[in-house]
Amino acid sequence: MSRTASDTDEIPEPEAGQPPPEDARAFLGHPRGLATLSGLEVWERFSFLGMQAILVLYFADAVSDGGLGMNPGTAASVSAAYGTMVYLVSVAGGWLADRILGSYRAVLWGGILIACGHYAMAVPTTAMTWVGLGLISAGTGLLKPNVATMVGKLYRTDDDRRDAGFALYYMAINIGAFAGPLITGWLGEHQGWHWGFSAAAIGMTFGLIQYVAGRRHLAGRRHSAEFALAPAAMRRAVRRIVAGCVAFAAAATLLAFAGLLTMDRFVDLLTLVSVIAPVVYFAVMFRSPRVTAQERGRLRPYVVLFLASVAFNFILFQAYSTMMLLASTNARTTLLGFDFPASWYASALGAFEVALAPVVAALWARMGHRQPHASNKIAIGVILGGLSFLLMVVPTSGHDSDAYRMAAWWIVGSYLLLGLGDVLLETSGMSATTKLAPKAFSSQTMALWFLSLALANGIQAQVVKVYDQVSHPVYFGVNGALAVAAGLAVLALAPWLRRTMHPVH
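Residues numbered from 1 in each chain as written. Predicted model: local features only at pLDDT ≥ 70, side-chain atom pairs only at ≥ 80, totals over all residues. Heavy atoms only, no water.

Engineer: Any chance you could explain the side chain of Thr271 here in plain terms?
Structural biologist: Along the polypeptide, Thr271 turns up in helix 9 (residues 263-287). The exposure class of Thr271 is buried, given its relative accessible area of 12%. Of the polar contacts made by the side chain of Thr271, one reaches the side chain of Gln462; its length is 2.9 Å. (Helix = DSSP H or I, 4+ residues; strand = E, 2+ residues; numbered from the N terminus. Buried < 20%, exposed > 50% of the residue type's maximum accessible area, 1.4 Å probe, protein only. Polar contact = N/O pair within 3.5 Å; in protein donor to acceptor, adjacent residues only side chain to side chain.)

As structure tokens, this is what we get:
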């Protein structure tokens, strides 16, 4: 028998904005909302990293073959600049959710912008490529920092399932990272780059559909911003944001047509902003009267961990730029008689992280208080990242020309080291960020982390310009050695870090 509207109205609702009580353990012993948010992340990472795996190849491909005809160094630099913009916008995305939109709506609108951006990139024109990348940057900036916040809202602070829930969420991210390049890479290299971008668009659409369908299972979905501005202040803020975006777009367009804003200058500008932003952020925290002397003391070791994150992610993000270029020109793409696209190498990174994350989590649980200090885990992660590049010196050395082809296992082995390093660093780094940040800035801890990622991309955008100007052994050897040196420096500072980070283990 069908239910009337009045029947539906009589069903008692849980507390406004809260999921039904029966959701508490409906998904593998976790809140049902975790499945909704993890599903969204699977598709968001599918679209984002699926597109990024072929983006640098699309930039570097000849115009006659459907690409943009950039030289490899420029292609890698522009790809890195796009990553810089994504993570810089993420800082603003956290503020918009806190003050204006609320987490649920920020994620929803972010997903819509991402999907629109991918659909724009599916249109085979250069102009729509840049429009699409702008929309994806804005959308990811809204979505990425706030999904993690919504996962946290599913659990009480003292809930013992909290860390395990984030581990499941982290696995979902890497499932998307594994699957995305497989689909977009095959379509991009066999059917055309814009077919690959279309697959990314469809993936993000699936993510949005299941996010909206599962909204009743999310905590705080009806709430406005948690720390909302007063109505008058909010109207002023919205007007200023809209006016600022319009003015920026107009100025950029005019300068571009006048020949004053070239691609190289725009990349340089983003790098400059990525350097200035964290310096200003840390200066504000160190000088804030709301930060106690004890909290200020814990900020000093966090600066070291912040720089360690920059060193590692500088290597990690090149898995989707210089490593993709190397794979496309100098790696075999045949395995056991099966030919595969070069972009499929990117899936190996996601696969290793999916496999290694539960192993590492189980190891730390087994070791208990005997496990390494957080700073040592981060240092080991940085060293592994550097070793992943140093490994590439071996197969790229000793060749008379650039026409050689290395075995697939060299790049797969490099990604194994990189994936293990990422598992060690990302989990420990995020945990340390939340524990070391001053209470007055606790709601902005994600901004700190994203600024380290933005700076890593900003530096990468400059360094990769020399990728096609020096030999491969020199490029990978120097960058890898610098990362290893950074990791060893953090290890050398371990006694001071343990003392100043106390009680963080």
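There is more to say, and it comes next.
Engineer: Explain the packing of helix 3 (residues 72-101) against helix 4 (residues 103-121) here, please?
Structural biologist: Think of two packed helices as two axes; the pair is described by the angle between the axes and how far apart they sit. Following both chains from N to C, one finds helix 3 and helix 4 inclined at 125°, their axes separated by 8 Å at the closest point. Relative to helix 4, helix 3 is oriented oblique. Judged by the sense of rotation from one axis to the other, the crossing of helix 3 with helix 4 is right-handed. Residues Ala97, Ile100 and Leu101 of helix 3 pack against Ser103, Arg105 and Ala106 of helix 4. Tallied by class, the residues present in the contact of helix 3 with helix 4 amount to four nonpolar, one polar and one charged. (Axes fitted to C-alpha atoms, helices over the stretch in contact; angles between N-to-C directions. Parallel < 35°, antiparallel > 145°, perpendicular 65-115°, else oblique. Left-handed = near helix turned anticlockwise from the far one by under 90°. Contact = heavy atoms within 4.5 Å. Nonpolar A, V, L, I, M, F, W, Y, C, P; charged D, E, K, R; others polar.)

Engineer: I keep staring at the packing of helix 9 against helix 10 (residues 293-316) and nothing clicks. Help me out?
Structural biologist: The geometry of helix 9 relative to helix 10 is characterised by a closest axis approach of 10 Å and an angle of 165° between their N-to-C directions. Taken as axis vectors, helix 9 and helix 10 run roughly antiparallel relative to one another. Every pair of crossing elements has a handedness; the one defined by helix 9 and helix 10 is right-handed. Between helix 9 and helix 10, the residues in contact are Pro278, Phe282, Met285 and Phe286 and Arg296, Leu299, Arg300, Tyr302, Val303 and Phe306, respectively. Here the contact of helix 9 with helix 10 is composed, by residue class, of eight nonpolar, no polar and two charged.

Engineer: Would you explain helix 13 (residues 374-391) in this entry?
Structural biologist: Because the α-helix completes a turn every 3.6 residues, residues three or four places apart line up on one side. For helix 13, which comprises 18 residues, the first-to-last C-alpha distance of 26 Å matches the rise-based estimate of 26 Å (1.5 Å per residue) to within 8%. A large share of helix 13 lies buried, amounting to 14 of its 18 residues. (Expected span 1.5 Å × (residues − 1).)

Engineer: Sorry, what's going on with helix 2 (residues 32-60) here?
Structural biologist: Spanning 29 residues, helix 2 covers 43 Å between terminal C-alpha atoms, matching the ideal 42 Å at 1.5 Å per step. At Ile54, helix 2 is deflected by roughly 30°, the largest bend along its length. Burial within helix 2 is extensive, with 25 of its 29 residues counted as buried. (Bend = angle between axes of the 7 residues up to and from the residue.)

Engineer: Please clarify how the pattern of salt bridges should be interpreted in this entry.
Structural biologist: Between side chains of opposite charge, a pair can form when the charged atoms approach closely. What the rule picks out here adds up to three salt bridges. Residues Arg45 and Glu44 are paired through a salt bridge, measuring 2.7 Å at the closest nitrogen-oxygen approach. By relative accessible area, which is 0% here, Glu44 ends up buried. Note that Asp268 and Lys465 form a salt bridge whose closest N and O atoms lie 3.0 Å from each other. You can see Asp268 sitting in helix 9 and its partner Lys465 sitting in the loop between helix 16 (445-463) and helix 17 (472-492), a full 197 residues away along the chain. (Salt bridge = Lys/Arg side-chain N within 4 Å of Asp/Glu carboxyl O.)

Engineer: Would you take a moment to explain the nonpolar core for this structure?
Structural biologist: Soluble globular proteins tend to pack their nonpolar side chains together in the buried interior. In this structure, Met51, Phe59, Tyr345, Ile411 and Tyr415 are the most contacted members of the largest nonpolar core, which totals 97 residues. Broken down by element, the residue count for this core peaks at twelve residues, all from helix 10. Those residues in contact with Tyr345 that lie beyond four places of it in its chain are Met324, Ala327, Ala331, Arg332, Thr333, Phe340, Ala408, Ile411, Val412 and Tyr415. Leu40, Tyr104, Met150 and Leu154 belong to the second largest nonpolar core, which has 21 residues in total. (Core = buried A, V, L, I, M, F, W, Y, C linked by side-chain atoms within 4.5 Å.)

Engineer: Is there a simple way to explain the confidence of the model for the protein chain in this structure?
Structural biologist: The predicted coordinates should not be examined in detail at positions where pLDDT is low. Across the protein chain, the average pLDDT comes to 83, with 89% of residues at 70 or higher. Per-element averaging of pLDDT across the protein chain places helix 1 (residues 5-10) at the bottom with 40 and helix 17 at the top with 95. Predicted confidence for residues 1-15 stays below pLDDT 50, and this span has six contacts to residues more than four positions away or in other chains. (pLDDT = per-residue confidence, 0-100.)

Engineer: Would you mind showing me how to read the side chain of His194 here?
Structural biologist: Checked against the element boundaries, His194 lands in helix 7 (residues 193-213). Discounting residues that sit within four places of it in the chain, His194 has contacts with Tyr58, Gly66, Met121, Ala122, Val123, Pro124, Thr125 and Thr129.

Engineer: Please clarify how a positive patch on the surface should be interpreted in this entry.
Structural biologist: A cluster of basic residues, Arg235, Arg236, Arg239 and Arg240, forms a positive patch on the protein surface. If you trace the backbone, Arg236 turns up in helix 8 (residues 231-257). (Patch = residues over 30% accessible without salt bridge, like charges linked within 9 Å, V, L, I, M, F, W, Y side chains within 5 Å. Areas by Shrake-Rupley, 256 points an atom, 1.4 Å probe, with all protein chains shown as cover. Lys, Arg positive; Asp, Glu negative; His and termini not counted. Charge placed at Lys NZ, Arg CZ, Asp CG, Glu CD.)

Engineer: Quick question: what am I supposed to make of the packing of aromatic side chains here?
Structural biologist: For any two aromatic rings, the description comes down to two numbers: the centre-to-centre distance and the angle of the planes. Applying the stated rule across the entire model yields 17 aromatic pairs. Seen in terms of ring centroids, Tyr104 and Tyr211 are 5.1 Å apart; in terms of plane orientation they differ by 20°. Their pairing is stacked. Here Tyr211 lies in helix 7 and Tyr104 lies in helix 4, a separation of 107 residues in the sequence. Note on accessibility: Tyr104 and Tyr211 belong to one class, buried. Grouped by ring-pair contacts, the aromatic residues Tyr58, Phe59, Trp130 and Phe197 constitute a single cluster. (Phe/Tyr/Trp six-rings, centres within 6.5 Å; stacked < 30°, edge-to-face > 60°.)

Engineer: Looking at this structure, I do not really get the environment of Asp264. What am I missing?
Structural biologist: Inspection of the secondary structure puts Asp264 in helix 9. Accessibility expressed as a relative area gives 45% for Asp264, which makes it partly exposed. Distance in space between the C-alpha atoms of Asp264 and Gln462 is 9.7 Å, their sequence separation being 198 residues.

Engineer: Sorry if this is basic, but what is going on with the environment of Trp95 here?
Structural biologist: With respect to the helices, strands and loops of the structure, Trp95 is situated in helix 3. Among the residues examined, Trp95 registers a relative accessible area of 38% and is labelled partly exposed. For the pair Trp95 and Asn146, spaced 51 residues apart in sequence, the C-alpha to C-alpha distance is 9.8 Å. Not counting residues up to four positions away in its chain, the partners in contact with Trp95 are Ile100, Leu229, Ala237 and Ile241.

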